[in-house]
Every structure is written in structure tokens, then in C-alpha cells.
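An overview of the molecular structure
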Amino acid sequence: MDTPIRTHTAPDLCVEVNPGKPALLRVTERLRPEHAADWITERRAELDELVLRHGAVLVRGLGIPDAAALQRVGERITTRAAPEREAFARRRQLGADAVSSLEWPADQPMCMHHELSYALEFPRTLVIGCFSAPERGGVTGVADAQQVLAELPAPLVERFEREGWKLSRSYNNLLGLSWQEAFGVADRTAAEQYCRANKIITEWQPDGRLRTHQRRSAVIHHPVTGARCWFNQIGFLSEWNLDPAVREFMVGQFGPEGLPFTTAFGGGEPLDPETAAIIGEVYEAATLREPWQSGDLFLIDNIRMAHSREPFTGERELGLVFGDPVRLADCAPAYPPPTAAADSR
């Protein structure tokens, strides 16, 4: 058995780092749930340092029982909440800033991704609380975006740095969110205004449905450390990461041009299944896993670390707070080049 590496950052904070697992911080003192936020406040500087160093820290023993406790902790560990726009699946609102995990079939995995990495503004900090751990599975894996970038084939990285990546979405009444829900607007004019402001191309179909395209950088620089990070949802939102039976159903229902979401190289060439597989394999090799325990708190740097969700059985109840919003323009994106005009096509 590997001996954990212990990193001491303060007299009462000791982090365990084991191969294949995220950094684990054990809370040794007994705390009432209403005192968890105060514990966070007293150690805010040390926790910020730990997350910056490791990318993600699982805090165990703090005892986060519900959304109210998570809301209080989120207010102490982040500077301000980051609004979610352009979501592709529903969440339940659990509090002022706390939301549920995505409504996603329990038997289907969620591939590695960074929250809102297709938007012009995204959260830097994810605060996740486990109110009820599943009977089996359901791990939230994390993978270091700097490591992933280093291990992807150099020609592939160079192409994505040069071209960026493209996300295409088709909004329908059967799967996912409506465009009204995704953009937080009520009418077509407001949707077009949102899309223009966020460099999203709109295509209204004859039947009134909306199809959109947005071109984004696949590689950005961390706003604090300056490190290059593989930051995107090229793989997660690719049709090739769908279960084959689900993809076949969707193609039959909507046609290949009407899929709810799919990705491409920035120049427009569709992402091929071989490239999607390569990205998935590199993510898998970099994945760190630790099964949830009820009451756990997971602090994740959303730019440094991608995260995933494995299939599960039994009840799994998590809450999230998105915090510390960051604009893409402040992260020195590889696409478009600094001297080029922005182009969302």
C-alpha cells in the first residue's frame, strides 16, 4: 500500500495526497453544521493556497448536511457567485446560489469537462457538497488540465490552439433546455441580443427552432498562475461520447444536423470519433478518484481541473455553488490570437 504524502500548511491542517486520488483534507475537530462556515472563514487563506496548489481539495469531516449549510460555506470560500448561462441540462435551485447537480441519467457517465468552458464568462471555483452519498459509484473524478495538455498529442494541441473549437447546439422541445431557459430570456429579440453580446451565431429554423454555433479557445492561461490549461468541452459535448444507442436515437429523431449538441474543430471540420477517443483516454489516465461520503465538501479550481461523474446506484444528492466568475478575455486564450479580431464562426 502506498504511504500517503502529507503536506502541512498550518498547525491544524494536514492534507493527504495518495496516487490516483485527489488531495484529502480531514477535519479532526467535531463541529456542528452551523459552525462549518466559521471554520472555513478562519482558514480561508490556507484553503485558497491548497486549492491553488493541488487544483482540488476534498474536505472530509466538516459535515455539510444540506443546501443551507452549503450556501453558507459557499459565501465564505468565494468572493461572489458566478451566474450560470447557456446550460445544456436542468438543475434545481436549492438556495440563493446553491443548485443541484445536473439532471443526468444515473446509468450514464458524464465525461470530463469544465463548467461553462464554452461561455465567455465561467466560474473559477466550484464548491460541491455531498448531502447523501450513493450506494455505489457516482464518483466525481477530477483531472489536471495542465497534465492533460502536456499528454495530448502535440499536433492535435497545436491545431486546437490555432483554430479553437466549435460548439453547435439545436434547441428542441424533447431533450435538454429550451433556448429561453438556457439564455435566461423570454423572447426571440432578447435571445438574439444575448447571442450577439456573447459571440454566438444564431440560425432560426422554419419551424421556429433555434440552432447556434460558437467558436471558443481550447487552451487558456490560468488567471492566477498563468499556466496553460486544456479548457473546453470538446470531448464531453461531442456526439461520439454519447452511448451508441442514445446517439442512434437522436440522429433518427433530429437528423445529423439537428443534434442537441455536438463539437467540431474551430475551422468547422466535425470532430471524428478517433480524436474524441484520444481525448477521453488522456483524461482517463489523469483522473483522480475518491468515493463520496455524506457530508463531504469538494473545492475545485474549475480552470485547473476538469471533473466528471460516474454512473451510480442508490440516492445521490449533491449541491453546488459556482463562484469567482472569470472572463475568457482575461485568461489569454490561445484562440483568437491577441492580434486577431474575435470570430465566433
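Preceding this paragraph is the structure being described.
Residues numbered from 1 in each chain as written. Predicted model: local features only at pLDDT ≥ 70, side-chain atom pairs only at ≥ 80, totals over all residues. Heavy atoms only, no water.

1. Considerations on the sheet that holds strand S10 (residues 165-170)
The four strands are arranged S11-S12-S10-S15 in an open sheet whose pairing can be described as antiparallel. At either end of the open sheet lies a strand with only one pairing partner, and these are strand S11 (201-204) and strand S15 (261-265). In this sheet, neighbouring strand axes are inclined to one another by 20 degrees on average, regardless of whether the strands run parallel or antiparallel. Looking at chain direction, S10 and strand S12 (residues 210-216) are connected through six bridges and run antiparallel. Note on S12: the bridge partner recorded for Ser168 is His213. Sheet strands in contact with helix H5 (residues 154-163) are S10, S12 and S15, and its direction is about 100 degrees off that of S15. (Pairing = 2+ DSSP bridges. Helix = DSSP H or I, 4+ residues; strand = E, 2+ residues; numbered from the N terminus. Axes fitted to C-alpha atoms, helices over the stretch in contact; angles between N-to-C directions. Contact = heavy atoms within 4.5 Å.)

2. Structural notes on the packing of aromatic side chains
Evaluation of the coordinates by the stated rule reveals 11 aromatic pairs. Here Phe160 and Phe265 contribute two aromatic rings whose centre-to-centre distance is 4.8 Å and whose plane-to-plane angle is 15 degrees, an arrangement assigned as stacked. Separated by 105 residues along the polypeptide, Phe160 in helix H5 and Phe265 in strand S15 bring together distant segments of the chain. Residues Trp179 and Trp204 carry aromatic rings whose centres are separated by 5.3 Å and whose planes lie at 85 degrees to one another, so their mutual orientation is edge-to-face. Here Trp179 is found in helix H6 (residues 179-183), whereas its partner Trp204 is found in strand S11, with 25 residues between them in sequence. One aromatic cluster in this structure is built from Phe88, Trp104, Phe236 and Phe261. (Phe/Tyr/Trp six-rings, centres within 6.5 Å; stacked < 30°, edge-to-face > 60°.)

3. Regarding the sheet that holds strand S16 (residues 287-288)
Read across the open sheet, the four strands follow the order S6-S18-S9-S16; overall the sheet is antiparallel. Looking at which strands have only one partner, the edges of the open sheet turn out to be strand S6 (110-113) and S16. Bridge count between S6 and strand S18 (residues 305-309): two bridges; the pairing is antiparallel. Along S18, the bridge assignment pairs His113 with His307.

4. Some remarks on the environment of Ala81
Structurally, Ala81 is set in the loop between helix H3 (67-77) and strand S5 (99-100). Taking relative accessible area as the criterion, Ala81 reaches 29% and is therefore assigned partly exposed. Note: C-alpha distance between Ala81 and Pro336 (255 residues apart in sequence) is 28 Å. Contact partners of Ala81, with chain neighbours within four places excluded, come to Asp97, Phe322, Gly323 and Pro325. (Buried < 20%, exposed > 50% of the residue type's maximum accessible area, 1.4 Å probe, protein only.)

5. A word on a nonpolar patch on the surface
Together, Leu174, Leu175 and Phe249 line one region of the surface with nonpolar side chains, adding up to about 300 Å² of accessible area. Considering the arrangement of structural elements, one finds Leu174 in the loop between S10 and H6. Residue classification places Leu174 among the exposed residues on the basis of a relative accessible area of 58%. (Patch = residues over 30% accessible without salt bridge, like charges linked within 9 Å, V, L, I, M, F, W, Y side chains within 5 Å. Areas by Shrake-Rupley, 256 points an atom, 1.4 Å probe, with all protein chains shown as cover. Salt bridge = Lys/Arg side-chain N within 4 Å of Asp/Glu carboxyl O.)

6. Structural notes on the environment of Val321
Mapping Val321 onto the fold places it in strand S20 (residues 317-327). When the C-alpha atoms of Val321 and Thr125 are compared, they prove to be 8.2 Å apart, with 196 residues separating the residues in sequence. Discounting chain neighbours no more than four positions away, the residues touching Val321 are Leu70, Gly74, Asp97, Ala98, Thr125, Leu126 and Val127.

7. Considerations on unusual backbone geometry
Geometrically, the link from Tyr335 to Pro336 is a cis peptide bond, its omega value of -5 degrees lying close to zero. Within the element layout of this structure, Pro336 appears in the segment after S20. The backbone phi angle of Glu86 is positive, close to 70 degrees, even though this residue is not glycine. If you trace the backbone, Glu86 turns up in the loop between H3 and S5. Glu86 sits in the buried class, given a relative accessible area of 1%. The phi torsion at Leu116 lies on the positive side, around 60 degrees, for a residue other than glycine. Within the secondary structure, Leu116 is located in the loop between S6 and strand S7 (121-132).

8. Quick notes on the nonpolar core
By size, the foremost hydrophobic cluster in this structure holds 42 residues, and its most contacted members are Phe122, Phe160 and Trp230. With five residues, helix H9 (residues 273-286) is the largest single contributor of residues to this core. Discounting residues that sit within four places of it in the chain, Phe160 has contacts with Trp165, Ala218, Trp230, Ile234, Phe265, Leu271 and Thr275. The next biggest cluster of nonpolar side chains, apart from the first, holds 26 residues, and it includes Leu25, Leu50, Leu70 and Val321. (Core = buried A, V, L, I, M, F, W, Y, C linked by side-chain atoms within 4.5 Å.)

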